[in-house]
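Commentary on secondary and tertiary structure
Next come the chains, spelled out residue by residue.
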Amino acid sequence: MANKTVIIAVVNRAYTEGDKPMFDIFLDGFWLGEDTRQLANHLLIVAVDQTAFERCMFLRLHCYMLKTDGGDDFVDEKVYMSEDFIKMMWLRTRFLGDVLRRGYNFIFTDTDVLWLRNPFPRLTLNETVDLQISVDRFDGDQWSQTNPLNTGFYMIKSNNKTIALFDEWYMQRTTSVGMKEQDVLVELMHKGVFKRLGLGVRFLDTIYFSGFCQDSRDINVVSTVHANCCRTIRAKVNDLIKVVHDWKRFRDPSDNKTMDFIWSNHLACQNSWT
């Protein structure tokens, strides 16, 4: 994009396998969404294993192979909060910090986020805002640090403040054993790091940037749907397919629009914790 902004997603083999892989559902969003197809031209897929990289290249996307340290194997599914899951999250954080240091702004998106509309009109270009980040549940105030942030979707500018944030964030990995990178960022926020660095941070309203933790109240304006509050890839796939069907139903001109729209339940994700 003209202002050196890219869209970044990280993929491993587990996201490219199955009858309907998570990676394919993610890409379906760009095809089916409103004003989203051209955004795929600005999408960088970061593969953490050879299979994911080859799949990306086959799809003729912009692909980057991220080398891992010490022979870490990130091929298979990394179940939420497992040791390998936490390692993969820190590897991702380090890479994204390097992107900032190279002067690129970016939107980071997990591949379990469906892009139903172009999100850029809902993201401010105000120079005082450095980071715009999704939340599990929105508390009604876009500037309140009581919002439970979620690192599965955020837009960040490259500047000295954000680079310093990522440096400090990544340094915490050795003293935060057993904590995922998102929890560490929350801890830094509550310790006043955002304020100390002079960061302008905006928390995104779930009416526009929703998820399974809190559905959007209005399908007429929602931009993204994140399969958060969910433990396994299989559960995410099952319930994201339902979201795709909901979206197609909403977009179908023959469908009866006189009835209020209701999202399908996220039963597979709810049951993934038991």
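What this report covers is the structure whose coordinates are included nearby. Bear in mind the structure is a predicted one, so any value in this text is a computation, not a measurement.

This next bit is on the sheet that holds strand 8 (residues 201-203). Spatial strand order, 3-2-1-4-7-6-8: 7 strands in an open sheet with mixed pairing. Looking along the sheet, the strands with just one partner apiece sit at the ends: strand 3 (62-65) and strand 8. Neighbour-to-neighbour, the strand axes of this sheet turn through a mean angle of 30°, independent of strand direction. Where strand 2 (residues 43-47) and strand 3 come together, 4 bridges link them in parallel fashion. By the bridge assignment, alanine 47 is partnered in strand 3 with methionine 65. Docked against the sheet, helix 1 (residues 22-32) engages strand 1 (5-11), strand 2 and strand 4 (105-109), running at close to 175° with respect to strand 2. In the packing of helix 5 (residues 181-190) onto the sheet, the strands contacted are strand 6 (131-135), strand 7 (149-156) and strand 8, and the crossing angle to strand 7 comes to about 75°.

Glancing now at the side chain of aspartate 112. Positionally, aspartate 112 belongs in the loop between strand 4 and strand 5 (113-115). A polar side-chain atom of aspartate 112 sits 3.1 Å from a polar atom in the side chain of histidine 226. A polar atom in the side chain of aspartate 112 sits 2.6 Å from the side chain of lysine 236. The residues touching aspartate 112, leaving out its near neighbours within four places in the chain, are Met22, Val225, His226, Ala227, Lys236 and Leu240.

What counts and what doesn't
- Residues numbered from 1 in each chain as written.
- Predicted model: local features only at pLDDT ≥ 70, side-chain atom pairs only at ≥ 80, totals over all residues.
- Heavy atoms only, no water.
- Pairing = 2+ DSSP bridges.
- Helix = DSSP H or I, 4+ residues; strand = E, 2+ residues; numbered from the N terminus.
- Axes fitted to C-alpha atoms, helices over the stretch in contact; angles between N-to-C directions.
- Contact = heavy atoms within 4.5 Å.
- Polar contact = N/O pair within 3.5 Å; in protein donor to acceptor, adjacent residues only side chain to side chain.

Read these as layout, nothing more, since geometry by itself doesn't imply function.
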